[in-house]
Amino acid sequence: MNARKALLAAASAFLLGGAHAQVAMRTLDLSAQKPDWQSVIGGEAIAPAVETSYGIAVLTDGRMLSSCTSKGNVIWKKGVNGRPSKYFTERDDFLYVVTNDKKITLVNQSGTNLWTASNSFRITENPVIGHDGRIFVHGQSALACFGINGTRKWQVETGKIADMPTCLLNDGSVVIFMADTKDGKTTGKRFSQFGEEMEDLIFSSVVQTAVSCEQGILVALQNGSIGLCNVVNGLADSPWIQKSYIPSGAFAICYSKASGNAAFFFSTGGNTTAIILRTSNGEFLNQFALKSFSPGEIQLAKQTDAGFFIADSSTACEFAEDGTIIWEAALPQKSQWDFLYYTRSNHLILCMKDWSLKSFHTMQTTKAVYKDFWDDTYSSDIGEAEKPDTPEDAIKKQEITQSDRILGIRMFSDEKLAETQKALKAGDYGRKEREFLVGIQSELASYKESFYQKNPSQSYFARNPIYTQKLLAMMAQIGCSGFSTDFATLIRYERDPQLLSALVYASGQQMFDPDGEILTSYEIAIRSPQLQKNTALLKNVCDATFSICKYMGRPALINHGKEILRQLGSPVYDTAVREYASKTFERFASIEM
């Protein structure tokens, strides 16, 4: 898809306007209803609350970040470095806080500030998290990308950007929408995850709103058209488009990962019309009317387990895809509250101007939809974790062939190793990252294959431990989330004590271990009788375990880490190891809540 062809240019089907609003199964008046719980936070909320696996987190003007359980119990309150802004988001229980207009702070589930990165321009939208954990931010005329370690990977000047979020495409590339139109049509620019400008996009009308989904970007145009923009064969295209007779374009879009469907909201006279489509192919599924919602006052539109939720400044409702309005609520006067959020446990939470949170339970549910990680306990059953999909499809196409690996061709010379390590430490390496990842992934494949040789101790990696250590260090430095499984696999198979120690050290430096795979590999390693007298290696395990637990901040992983240290306190280990494990165990008090 290039700039000569307009995206969402021709409609393949027609949607009709006009429908009568259904009666809600349950009607609430929250201004007259007593909240199910309320909690005091450290100031007035300056951004919408975000939901986590353990409850919600709220950012306030008192430079305070507060975390509550789904029942309103305050877990922690932590100060924020700098003046917080309204740009505040969450991904996998990590909180991304923009402060002083130009800084990003990453906060984990325990409220620990992991790092703060400075940006050269004023950030004007919420950070967007890529497939491999990289963080995209944009300003008025620039786009930047940071790794999970806080190192800036690249920054590009873009021209003036519209007041719309950066959107993520199905191949990991991103699209920004430009402020200036061309012949009355919105234009956009597509960038690779490595900062390369890939193509200019032209839409067939003005883009009114857009939302990322697994299949690409759902787009609503001012002329009433709606459709999907995704990448096919390396180029952006429109696999489907629908045209409505509704004179105004959709003012909000919700995507449901659970059903794979999307809801588009249109203003139709005195009502709001919801149109439900299948995201993969644009198939029309349903259309029905809701009570009128003001497009300019939409507070939140999101998916729920039952369907979708939408709220403006006076009304909120949840409805199913078949059009059933499950409940509808009249909200307190907007002058009393700043923001609202609807949780998976069916609580509508209002951030009040009096520094409190008020939660209203809208409906009962028998489905266990809310997992409270603060009650998690660690189980020592060790199993093989499923490997997640990797996002680097573009890189896979460039990997060195297996025959080349068999011939012993190395991806990094000594000079290239030094150059790459220097670049990863300095940051701003841009498109070079593609080359770095191709080399690392190719060498990883060779390293794994070496375990199946008749004599793994004679592999290139075993005979060249310094090269291998530098390769592992690059895996830890590059700031992507995709290497956790690789580290865990290598630790399970490596028998060379020197390389195993290097693997433990590097995985601890990487720190990212969302499923506890690396911690589990440590637990397997320390049970090996051949390693129980290797004091240096076991001390490395202590340090790496603490490093991972501190970064992740998840109670279940912290309990896992403490269990590893308890095992290292067993009499089968040397006194030096037991004492070191005990001192490391004491350090956990600083990261627990």
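Below is a summary of the structure that appears in this document. (Residues numbered from 1 in each chain as written. Predicted model: local features only at pLDDT ≥ 70, side-chain atom pairs only at ≥ 80, totals over all residues. Heavy atoms only, no water.)

So, about the overall build of the chain. When helices and strands are tallied, the chain shows 12 helices and 35 strands. Counting the 593 residues in the chain, one finds 56% classified as buried. (Helix = DSSP H or I, 4+ residues; strand = E, 2+ residues; numbered from the N terminus. Buried < 20%, exposed > 50% of the residue type's maximum accessible area, 1.4 Å probe, protein only.)

This next bit is on the pattern of salt bridges. Counted under the stated rule, the structure contains 21 salt bridges. Salt-bridge contacts for Lys353 lead to Asp338; the nearest nitrogen and oxygen are separated by 2.7 Å. In this pair, Lys353 is assigned in the loop between strand 34 (347-352) and strand 35 (356-361) and Asp338 in strand 33 (residues 337-342), connecting sequence segments 15 residues apart. Relative accessible area serves as the criterion here: at 35%, Lys353 is assigned to the partly exposed category. Using a relative accessible area of 11% as the deciding quantity, one classes Asp338 as buried. Here Asp574 ties to Lys533 by a salt bridge, and the two come within 3.7 Å at their closest N and O atoms. With a gap of 41 residues between them, Asp574 in the loop between helix 11 (555-568) and helix 12 (575-587) and Lys533 in the loop between helix 9 (517-526) and helix 10 (535-552) connect regions that are remote in the sequence. (Salt bridge = Lys/Arg side-chain N within 4 Å of Asp/Glu carboxyl O.)

This brings us to unusual backbone geometry. For Asn100, which is not glycine, the phi dihedral falls at a positive 50 degrees. Structurally, the position occupied by Asn100 is in the loop between strand 10 (94-99) and strand 11 (103-107). One non-glycine residue, Asp183, adopts positive backbone phi at about 55 degrees. Here Asp183 shows up in the loop between strand 18 (174-177) and strand 19 (187-191).

What follows covers the pairing of strand 16 (residues 152-157). As defined by bridge partners, strand 15 (residues 142-146) adjoins strand 16 across five bridges and the pair is classed as antiparallel. Paired with Phe146 across the strands is Arg152, a residue of strand 16. In this antiparallel pair of consecutive strands, strand 15 and strand 16, the connection spans five residues, and Gly150 shows a positive phi of 90 degrees. (Pairing = 2+ DSSP bridges.)

Interhelical geometry of helix 9 versus helix 11 gives an angle of 10 degrees and a closest axis separation of 10 Å. Relative to helix 11, helix 9 is oriented roughly parallel. Facing helix 9, whose interface residues are Leu519, Thr520, Tyr522, Glu523 and Ile526, helix 11 presents Leu557, His560, Gly561, Glu563, Ile564, Gln567 and Leu568. When grouped by side-chain class, the residues that make up the contact of helix 9 with helix 11 number six nonpolar, four polar and two charged. (Axes fitted to C-alpha atoms, helices over the stretch in contact; angles between N-to-C directions. Parallel < 35°, antiparallel > 145°, perpendicular 65-115°, else oblique. Contact = heavy atoms within 4.5 Å. Nonpolar A, V, L, I, M, F, W, Y, C, P; charged D, E, K, R; others polar.)

This part takes up the sheet that holds strand 33. Strand order in this open sheet of four strands is 4-35-34-33, and the pairing throughout is antiparallel. Only two strands of the sheet have a single partner each, and these edge strands are strand 4 (37-40) and strand 33. Within the sheet, the average angular offset between the axes of one strand and its neighbour, ignoring direction, is 20 degrees. Relative to strand 34, strand 33 is paired through five bridges, and the arrangement is antiparallel. Looking across to strand 34, one finds that Leu340 is bridged to Leu350.

When a protein is soluble and globular, its nonpolar side chains tend to lie buried together. In terms of nonpolar packing, the biggest core is built from 76 residues, with Ile440, Leu472, Tyr522 and Leu568 touching the most fellow members. The element that contributes the greatest number of residues to this core is helix 10, accounting for 10 residues. Not counting residues within four places of it along the chain, the set of residues in contact with Leu568 comprises Ile526, Leu538, Val541, Cys542, Tyr573, Val577, Arg578 and Ala581. Among the nonpolar cores identified, the runner-up in size contains 28 residues, and Ile326, Trp337, Leu348 and Ile349 belong to it. (Core = buried A, V, L, I, M, F, W, Y, C linked by side-chain atoms within 4.5 Å.)

This part takes up the packing of aromatic side chains. A full pass over the atoms with the stated rule returns 18 aromatic pairs. Taking the centre distance of 5.9 Å and the plane angle of 80 degrees together, the rings of Phe265 and Phe319 count as edge-to-face. Here Phe265, found in strand 26 (residues 261-268), pairs with Phe319, found in strand 31 (residues 315-319); they are 54 residues apart in sequence, far enough to count as distant. Taking the relative accessible area as the measure of exposure, Phe265 reaches 0% and is therefore buried. On the accessibility criterion, Phe319 (0% relative accessible area) is buried. Relative to Trp327, the ring of Phe309 has its centre 6.0 Å away and its plane inclined at 45 degrees; by these criteria the two rings are tilted. (Phe/Tyr/Trp six-rings, centres within 6.5 Å; stacked < 30°, edge-to-face > 60°.)

Another aspect to go through is the environment of Asp543. Along the chain, the position of Asp543 falls in helix 10. Along the chain, Asp543 and Tyr505 lie 38 residues apart, while their C-alpha atoms are 8.1 Å from each other. Excluding residues within four positions of it along the chain, Asp543 makes contact with Tyr580 and Arg587. A distance of 2.8 Å separates the side chain of Asp543 from the side chain of Tyr580, its partner in a polar contact. (Polar contact = N/O pair within 3.5 Å; in protein donor to acceptor, adjacent residues only side chain to side chain.)

So, about the state of the cysteines. What the rule picks out here adds up to zero disulfides. Looking at Cys213, it has no disulfide partner, and the nearest cysteine sulfur is the one in Cys167, 9.6 Å off. For Cys213, a relative accessible area of 11% puts it in the buried group. (Disulfide = S-S within 2.5 Å.)

All right, on to the sheet that holds strand 27 (residues 271-278) then. Read across the open sheet, the four strands follow the order 25-26-27-28; overall the sheet is antiparallel. Of all the strands in the sheet, just strand 25 (252-255) and strand 28 (284-291) have a single pairing partner and so form its edges. Geometrically, the sheet is characterised by an average inter-axis angle of 20 degrees between neighbouring strands, direction not taken into account. Relative to strand 26, strand 25 is paired through four bridges, and the arrangement is antiparallel. Along strand 26, the bridge assignment pairs Ala252 with Phe265.

All right, on to the packing of helix 3 (residues 414-426) against helix 6 (residues 465-477) then. Two numbers describe how helix 3 lies on helix 6: the axes approach to 10 Å, and their chain directions differ by 25 degrees. With respect to helix 6, the axis of helix 3 lies roughly parallel. Of the two elements, helix 3 crosses helix 6, and the hand of that crossing is left-handed. On the side of helix 3, the interface is formed by Leu417, Thr420, Gln421, Leu424 and Lys425, while helix 6 contributes Tyr467, Lys470, Ala473, Met474 and Gln477. (Left-handed = near helix turned anticlockwise from the far one by under 90°.)

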